[in-house]
Amino acid sequence: MLEPAQENPFPDSHVLGEGPEPHPQLQPVLGLIGRWHGRGSGEYPTLEHGFRYEQEISFSHDGRPFLVYESRAWLIDESGTAVRPAGRETGWWRILPDASVEVTLAHPTGIVETYVGQVSGTEIEMATDTVGLTPRAKEVTGMRRRYALQDGGLTIVQEMAAVGQPMQHHLQARLFPRKD
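Source: prediction; values computed, not measured. (Residues numbered from 1 in each chain as written. Predicted model: local features only at pLDDT ≥ 70, side-chain atom pairs only at ≥ 80, totals over all residues. Heavy atoms only, no water.)

**A word on the sheet that holds strand 9 (residues 153–162)**
Sheet architecture is closed into a barrel: 10 strands sit in the order 1-2-3-4-5-6-7-8-9-10, paired in antiparallel fashion. For this sheet, the mean inter-axis angle between neighbouring strands, taken without regard to orientation, is 25°. Alignment of strand 7 (residues 123–133) against strand 8 (residues 140–150), held across five bridges, turns out to be antiparallel. Directly across from Met126, in strand 8, lies its bridge partner Arg145. (Pairing = 2+ DSSP bridges. Helix = DSSP H or I, 4+ residues; strand = E, 2+ residues; numbered from the N terminus. Axes fitted to C-alpha atoms, helices over the stretch in contact; angles between N-to-C directions.)

Here is the structure:
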């Protein structure tokens, strides 16, 4: 007979000072830990029009030298009303002793990306090392991302090479901490 399972003794924390102590290797990215919300815009040559979106991102940890990452976005119209779900991704950011990062992200659309990059002050720059695709996923050959903590917010800029197009601007968003 199996005993009842206990509550997880190692929960993730997205609030500094609550839950486990952050691993010392997380020091360069402690400012990311939390929940973020904001708006952005996107474009790509294969799209007829640009678009606007809202995004929520969560960075948490369990005391080990990586961040748990989740992002959800939804399209909005000109008045800011939600139209439909858009991008979604989840993964892990591994922070190494030299402040380099290795990131693994999975998307429900059949795309898995690994990134390598570097933390430099309040900025993180990374580019794909590999992109894995399921047989029917959209062709994506590369991505670059820049995350910058400035003026109490988080700016995210993304470039993409996909569907026969070269690497170029795709998304830009400005997010702010959520207090929930």
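**Quick word on the environment of Pro108**
On the secondary structure map, Pro108 appears in the loop between strand 5 (100–106) and strand 6 (111–120). By relative accessible area, which is 65% here, Pro108 ends up exposed. A sequence separation of 48 residues divides Pro108 from Ile156, and the C-alpha atoms of the two residues are 21 Å apart. (Buried < 20%, exposed > 50% of the residue type's maximum accessible area, 1.4 Å probe, protein only.)

**Structural notes on the pattern of salt bridges**
With the rule as written, the count across this model stands at nine salt bridges. For Arg94, the salt bridge identified is with Glu102, shortest N-O distance 2.2 Å. The partly exposed category is assigned to Arg94, whose relative accessible area is 43%. Salt bridges sharing common partners tie together Glu89, Glu113 and Arg145. (Salt bridge = Lys/Arg side-chain N within 4 Å of Asp/Glu carboxyl O.)

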